[in-house]
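Tertiary structure, described
One-letter residues, chain by chain:
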Amino acid sequence: MTFNQALIFGCGNEEYAVPVEQVVSIEKLNNITPIPHLPNYLLGFTKIRGEIIPIIDLNRILYNKESVGELCRIIVVNTDIVHFGLVVSEAKEILDFTGTDIHQVGLVNYAKTQYFTAVANLENRMITCVDPKILVNSLEGIREIIDYLEKMRQDESQLNA
């Protein structure tokens, strides 16, 4: 995964990045339909541009705290598995990184942080790079949810055919 150009966002007091090529859109935090008995990190589902997508709260995953505030945003991310919304404290900016800015981290060997693939070490900031595909694959219970969404899409396309 390359982080030549990345969307920078905040969670907790830290900055994180996802590759721009995987970002579909940035949305305001609204119209999420909660579903009982889902994993704690999954706020529910919302419909964006006609597609039902799961909404994941990154603050709950990283800090066991709920994302709150007017600056909270949903970053809709595309992986080859599923589109999903990543709730963050704030979407900040798009940055271009050079090869010397990005450093691989040893935390990828730690099972709970495999999705931290690198760190951008800039003059006055450090930004942790997140691989959305690894993140979504690391979440407990997500496979059943993805399978259910895929079945819903297939059923819907058969009805529309």
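For the structure itself, look to the data block above.
Cut-offs used in this document
- Residues numbered from 1 in each chain as written.
- Predicted model: local features only at pLDDT ≥ 70, side-chain atom pairs only at ≥ 80, totals over all residues.
- Heavy atoms only, no water.
- Pairing = 2+ DSSP bridges.
- Helix = DSSP H or I, 4+ residues; strand = E, 2+ residues; numbered from the N terminus.
- Axes fitted to C-alpha atoms, helices over the stretch in contact; angles between N-to-C directions.
- Contact = heavy atoms within 4.5 Å.
- Salt bridge = Lys/Arg side-chain N within 4 Å of Asp/Glu carboxyl O.
- Buried < 20%, exposed > 50% of the residue type's maximum accessible area, 1.4 Å probe, protein only.
- Core = buried A, V, L, I, M, F, W, Y, C linked by side-chain atoms within 4.5 Å.
- Expected span 1.5 Å × (residues − 1).
- Phe/Tyr/Trp six-rings, centres within 6.5 Å; stacked < 30°, edge-to-face > 60°.

Here the focus is the sheet that holds strand 4 (residues 42–48). Spatially, 5 strands are ordered 3-6-7-5-4 in an open sheet, and the strand pairing comes out mixed. The open sheet is flanked by strand 3 (23–28) and strand 4, the only strands paired with a single partner. Direction aside, the axes of adjacent strands within the sheet are offset by 30 degrees on average. Across 3 bridges, strand 5 (residues 51–57) lies against strand 7 (residues 83–88) in parallel orientation. Paired with Ile-55 across the strands is Gly-85, a residue of strand 7. Here helix 3 (residues 142–160) sits on the sheet in contact with strand 4 and strand 5, set at roughly 165 degrees to strand 5.

Here we take up the pattern of salt bridges. Across all of its chains, the model carries 7 salt bridges by this definition. When the shortest N-O distance is used, the salt bridge between Glu-15 and Arg-125 registers 2.8 Å. Separated by 110 residues along the polypeptide, Glu-15 in strand 2 (residues 14–19) and Arg-125 in the loop between strand 10 (116–121) and strand 11 (126–130) bring together distant segments of the chain. Residue classification places Glu-15 among the buried positions, given a relative accessible area of 13%. Relative accessible area serves as the criterion here: at 24%, Arg-125 is assigned to the partly exposed category. For Arg-143, the salt bridge goes to Asp-147, with nearest N and O atoms at 3.7 Å. Linking Arg-143 with Asp-147, this pair stays in helix 3, spanning 4 residues, or about one helical turn. On the basis of relative accessibility, which here comes to 41%, the residue Arg-143 falls in the partly exposed class. One network of salt bridges, in which partners are shared, links Glu-15, Lys-92, Glu-93 and Arg-125.

It is worth spelling out the nonpolar core at this point. Of all hydrophobic cores here, the largest spans 26 residues; its most connected members are Phe-9, Ile-56 and Leu-86. Top element by residues in this core is helix 3. It accounts for 4 residues. Apart from the residues lying within four places of it in its own chain, the contact partners of Ile-56 are Tyr-41, Leu-42, Ile-61, Phe-84, Gly-85, Leu-86, Val-87, Val-136, Leu-139 and Ile-142. Formed by 11 residues, the second largest nonpolar core is a distinct cluster that contains Ala-17, Phe-97, Ala-118 and Ile-127.

The next point concerns helix 3. Residues lying three or four places apart along an α-helix face the same way, a consequence of the helix completing one turn every 3.6 residues. Here helix 3 spans 27 Å end to end across 19 residues, near enough to the 27 Å set by a 1.5 Å rise per residue. Those residues of helix 3 that are buried lie in contact with strand 4, strand 5 and helix 2 (132–138).

Going through the model one piece at a time under the given rule, you end up with 3 aromatic pairs. Ring geometry for Tyr-115 versus Phe-116: centroids 4.9 Å apart, planes at 75 degrees, classification edge-to-face.

Attention shifts here to the environment of Pro-36. Mapped onto the elements, Pro-36 comes out in the loop between strand 3 and strand 4. Accessibility expressed as a relative area gives 59% for Pro-36, which makes it exposed. Considered as a pair, Pro-36 and Ile-55 are 19 residues apart in the sequence and their alpha carbons are 14 Å apart.

Our next topic: the sheet that holds strand 2. Through backbone hydrogen bonds, the strands of a sheet pair up, either in parallel or in antiparallel fashion. Taking strand neighbours across the sheet as the criterion, the 6 strands line up as 8-1-2-11-10-9 in an open arrangement whose pairing is mixed. Of all the strands in the sheet, just strand 8 (90–96) and strand 9 (102–104) have a single pairing partner and so form its edges. In this sheet, neighbouring strand axes are inclined to one another by 35 degrees on average, regardless of whether the strands run parallel or antiparallel. Examined bridge by bridge, strand 2 and strand 11 share 3 bridges and lie parallel to one another. Following the sheet pairing, Tyr-16 is matched in strand 11 by Thr-128.

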